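Observations on the three-dimensional arrangement
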Amino acid sequence: MARQPHITSRGDERVAWRAGAPEQPALLELLWRRYPYDEWATFIRCGWRQLPDGLLLTLAALEAQGPGDLDESQGHVVLQEPYVLRAALNAERHNLAVGVVHSHPQGYAPRPSALDDDMDTYLASYFESFAPGRPYVSLIFADGPHGIDASGRVYWNGGWHSVTRVLLERQPVCTWISGRRPAKLPPSPTTKRLTSAFGEVADERLRRASVGVIGLGGTGSAAVEVLARAGVGRLVLADPDVFEPSNNERIHGSGGRHVAAPESKAAIARDHVRFINPACQVAAYVGRLPQPAVLDTLADVDVLLGCTDLQHSRLALADTARRYLIPALDCGATLEGDDGDVTAQVGQITRFLAADACPYCRGMIHPQRLSQELMSPDERARRQDAAERAVARGERPNPYWNAEPQINTVGYHTTIMGAMTAGYAIGWITGRFDPPFTRLQMNLIAPYLDVTDQTVEHEPPKADCHCRQGRGQADQGLRFAQITSPGHWPREIRLDIAT
Amino acid sequence: MIRERIDDELGQLVRGGQAADLIVGDRPFVLYREVPTSGAARGLPATVDVVVPVPDGHPAGMIDMAGLPIDSPLIGRVKGQARDVVVVDGRQFRMISYHPHGNAGGPPYDPNRHGFHTYYDWLLTWLANLT
């Protein structure tokens, strides 16, 4: 007799499950291998991170399977004992969460059957002996008429929790919660043109989507403007800085009152989003990546945009993409000049997916500049003083301090790059288009914009780089992290916690 | 700071015969114990304890600098300007401007290749080249 797992999740709980390449295509290939009529399954290993309001799980690996591990003669999933035992024994040798993913036949609902209930009740209890204290996750995928439908549940801390978001890299998923398809949203009058271009499904995906934007200056505020107007349902915003009058030339949403009485850039962006789209939920932080509360809030975003020209921010973005499987796009803009002439207006967009090369592999990191960015104000002052004294002694200053280049930008340029990046995020969320590059550079004042684009073939991860390790391992892959928050950074502050 | 990573790196040194500990205080340091020097022939200590700060944002921040016990006769004999005094594990150390990865001879710092275990080699070089 089937025993229905009793779901204990609260209404405000977030339980996200994410996947990314190369595990994601391998998973889907397995799940669809007996389509359209028959199911298939695989055990999985997942990284995880406990959130203040839930849990994030990230696909780290598929548990290898061989002939006879599942019963091919049955249309539904029958996991054979050797495969179950092997997954359990392997769980004793790693520190990841364990689980199972299976398909339902094409066009069927991803709703757990009585057999699924029996399987999950048994496996959750079984794996608890081999992986105590770790979550057990069970997911169901089905290829439906409008794309992939999925549902899931997690046994953790003595109770069952519904998966509230299933997120695949560059592939929209409709997440069924507690076995129910989300109610259809009425068409929005404010995004009618976008809907007519991309379709009703795309409009709905945008309204259910969540995007993180790190850095809310010229490029970030432009990206936020585009995303809010496109009807994105939730924005997670972070920037540590306070507005300065000179920012008014670039920052969307700023104006005379901010010049007179500066606020945090996060507050300005939050207010601007609410002005554009009061229905959009905003979580705004005076803070930055990889600070823990910012990372927690980003756990279930569809896409993460990096909009700073800082090396540590770019590195944290790539690290988040790799370990937590959050697809990310980084953008930047800079003007180059010579004796009063503007000689180049360069913009760059860089894709960071889980398996993409990291900023080190791509030669985007200047180690000393990165270190200087991360130093405490006291240490920076000491180094600058030592550099001055070295110059006075007739020595080179750069062992102590490298002069930090001033990044010159103007509003039209940052707006172009921020808006383009937000456009590619919309492409991913809607499933309508994909940036055809891993890195794009262009110069607004060069013939044909002097566009150069890189692909995975041009920028593969280096063989000895840590970025080849820890993919999808979330907090369990901390030893492969490329950056941590310095202790001297002011603690991140979430605005509007009372609301 | 990623303690697990630093423990791994120091474990490699310990297996090779060099004792080193992570000292976590207001500011974390790695304390390399009794590092060999070339001083014995000149009546200087043959070994010395050395501290190296765990950089802000580790492992992204570059491993840099070194400190010697405040009363060590090697201060002034090793390369680099003397700087501030720090207290590590209840002892005072004088920090010295030694920057092997900062345009001072060594390769650019890359956390994918470098760590407190590879920094040990630079400390050996530093303590072998006494004036």
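Residue positions are given per chain, counted from 1 along the sequence in the order it is written. Each chain gets a letter, beginning with A, and each ligand a number, beginning with 1, in the order they are written. Thresholds applied to this predicted model are a pLDDT of at least 70 for local features of residues and 80 or more for the giving and counting of side-chain atom pairs; totals over whole chains, interfaces and linings are not thresholded and use all residues.

Remarks on the interface of chain A and chain B
Here is the rule we go by: Each residue is represented by a C-beta atom placed from its backbone, and any two residues with such atoms within 7 Å are regarded as in contact. In this description a helix means any DSSP run of H or I spanning at least four residues, a strand means any run of E spanning at least two, and both kinds are numbered starting from the N terminus. Amino acid classes used here: Ala, Val, Leu, Ile, Met, Phe, Trp, Tyr, Cys and Pro are nonpolar; Asp, Glu, Lys and Arg are charged; the rest, including Gly, are polar.
Listed as interface residues are 25 residues of chain A and, on the opposing side, 26 residues of chain B. No other element matches helix α11 (residues 367-374) of chain A, which puts 5 residues into the side of chain A that touches chain B. Grouping the constituent residues of the side of chain A that touches chain B by class yields 14 nonpolar, 9 polar and 2 charged.

Here we look at the sheet that holds strand β14 (residues 328-338) of chain A
Residues and elements named next belong to chain A. Stated formally: Each pair of strands is called paired provided DSSP finds at least two bridges between the two strands.
Taken together, 9 strands build an open sheet; the order of strands is β17-β16-β15-β14-β13-β10-β11-β12-β18 and the sheet is mixed. In this open sheet, the two strands that pair with only one neighbour each are β17 (452-454) and β18 (493-494). Two elements, β14 and strand β15 (residues 341-352), share 11 bridges in a ladder whose sense is antiparallel. Residue Leu329 lies in a different strand from β15, and its bridge partner there is Arg351.

Considerations on the domain arrangement of chain A
Residue and element names in this part refer to chain A. Put simply, the rule is: Where each domain begins and ends follows an automated or database-derived domain assignment.
When its domains are assigned, chain A resolves into domain 1 (14-176) and domain 2 (190-365 + 409-494). A C-alpha centroid distance of 31 Å is found between domain 1 and domain 2. Each partner contributes residues to the interface: domain 1 has 27 residues there, and domain 2 has 25 residues. Where the side of domain 1 that touches domain 2 is concerned, the elements lending two or more residues are β1 (14-18), β2 (41-51), β3 (54-62) and β8 (165-167). Here the residues of the side of domain 1 that touches domain 2 sort into 13 nonpolar, 7 polar and 7 charged.

Considerations on the pairing of strand β10 (residues 210-214) of chain A
Each regular strand displays side chains that alternate between the two surfaces of the sheet. Residues and elements named next belong to chain A. Note the following rule: Buried, partly exposed and exposed are defined by the number of other C-beta atoms within 10 Å of a residue's own C-beta, namely 20 or more, between the two limits, and 12 or fewer respectively, with C-beta atoms placed from the backbone. With the strands pointing away from the viewer, any crossover whose connection runs clockwise from the first strand over the helix to the second is right-handed.
Counting buried positions along β10 yields 5 of 5 residues, so the element is predominantly enclosed. Here β10 shows two buried faces, one formed by Ser210, Gly212 and Ile214 and the other by Val211 and Val213. Handedness of the crossover joining β10 and strand β11 (residues 234-238) through helix α6 (residues 218-229) is recorded here as right-handed. Judged from the 4 bridges that link them, β10 and strand β13 (residues 303-306) form a sheet pairing that is parallel. Each residue of the ladder has a partner; that of Val213, found in β13, is Leu305.

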